[in-house]
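A look at the structure
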Amino acid sequence: MSAETVRAAIADAATRILSATPRLDAELLMAHALNVSHQDLLLKHLGDSAPAGFDALVARRLAHEPVAYITGSRGFWTIEIGVGPGVLVPRADSETLIETAVAHFAGGERPKRVLDLGCGPGTLLLAALAEWPDATGLGIDASDAALAYARQNAAALGLADRVEWRRGDWASGIDERFDLILCNPPYIGTDEELGAEVRDHEPAEALFAGDDGLADYRRIIPDLPRLLAPGGIALLEIGWTQGRAVCDLVREAGLTPCVYRDLGDRDRVVAAS
């Protein structure tokens, strides 16, 4: 054990971590090193001696490895999602999809069947199933690694008996209808620059979608009319400049679009109904 306190070690690490949230990154790494929750770290452990393993975790962060890969999980909505190399790290911006779904179904009939296209580690679908205890879901992804994490997360959350995971190519082969469709597809153009954390660690196939970032929307959206149950809604995450283009694709499919903004007041979700 080091003679340095947890508080001092966090402060030092925060001066060296080059990210948008260096203090939070340092706190999450320290909580992981101590095997305590973030809340307990702040309430009970700041005066403790810093653990020897903390410096190694900070070194990984300085090499731009995502905090969620280092700690093995990321909080999302009301749940914790296990993640690691080969899967997309959940982002707070994606909570806009769940927030929009909750608002849509508030005061009315709750969704019974939920589809997550490109489910990754199960982030959106498991958050929805946790929100609506009577719902069941189907998660589709082309990545075996992502589906392995999704199964593990469902089991850890006690939701495995309410969800099916299936390897697939977007909506190909799906022949049922859903009350809620969630989708966070790749939407970054191939020429767009990304920070080292994302570029060097997260899977390119979950990020890039052709020159304009719209290639996967062009494949997904035409299938939505046959997949949506009467009164159902599909929610698609978008890049903040893509609202008009994705809305045009939704209209071409014969559906009605609506754009919702994230906490940063940027276009983040296109609803199709």
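In what follows, the structure referred to is the one given above.
Model, not experiment: these values are computed from the prediction. (Residues numbered from 1 in each chain as written. Predicted model: local features only at pLDDT ≥ 70, side-chain atom pairs only at ≥ 80, totals over all residues. Heavy atoms only, no water.)

All right, on to the pairing of strand β5 (residues 163-167) then. For a regular strand, side chains alternate in direction, first toward one face of the sheet and then toward the other. Bridge count for strand β4 (residues 136-141) against β5 is five bridges, and the pairing is parallel. Directly across from L138, in β5, lies its bridge partner E164. Crossover handedness for the path β4 to helix α8 (residues 144-156) to β5: right-handed. (Pairing = 2+ DSSP bridges. Helix = DSSP H or I, 4+ residues; strand = E, 2+ residues; numbered from the N terminus. Right-handed = clockwise from strand over helix to strand, strands pointing away.)

Within the structure shown, the criterion is met by 19 salt bridges. Here D12 and R16 are joined by a salt bridge, their closest N and O atoms 3.1 Å apart. Remark: R16 and D12 occur in helix α1 (residues 6-16); sequence separation between them is four residues, near one turn of the helix. On the basis of relative accessible area, D12 is assigned to the partly exposed category, the value being 35%. Residue R16 is classed as partly exposed on the basis of its relative accessible area, which comes to 35%. Its salt-bridge partner being D262, residue R268 comes within 3.0 Å of it at the nearest N-O pair. The same class applies to R268 and to D262, which are both buried. (Salt bridge = Lys/Arg side-chain N within 4 Å of Asp/Glu carboxyl O. Buried < 20%, exposed > 50% of the residue type's maximum accessible area, 1.4 Å probe, protein only.)

Look at helix α2 (residues 22-34): 18 Å from first C-alpha to last across 13 residues, which is about the 18 Å you get at 1.5 Å a residue. Restricting attention to buried positions, one finds in α2 the residues D25, A26, E27, L29, M30 and A31. Packing partners of the buried residues in α2 comprise α1, α3 (38-45), α4 (54-62) and α5 (67-71). N35 sits one or two positions beyond α2 and adopts a positive phi of about 60°. (Expected span 1.5 Å × (residues − 1). Contact = heavy atoms within 4.5 Å.)

Turning to the packing of α1 against α2, a few remarks are in order. One way to put it is that α1 packs onto α2 with a least axis distance of 8 Å and a crossing angle of 135°. Comparing their axes, α2 and α1 come out oblique. Here the hand of the crossing between α1 and α2 comes out right-handed. In this structure, α1 contributes V6, A9, I10, A11, A13 and A14 to the contact, and α2 contributes P22, R23, A26, E27, M30 and L34. For the contact of α1 with α2, the per-class residue count stands at 10 nonpolar, no polar and two charged. (Axes fitted to C-alpha atoms, helices over the stretch in contact; angles between N-to-C directions. Parallel < 35°, antiparallel > 145°, perpendicular 65-115°, else oblique. Left-handed = near helix turned anticlockwise from the far one by under 90°. Nonpolar A, V, L, I, M, F, W, Y, C, P; charged D, E, K, R; others polar.)

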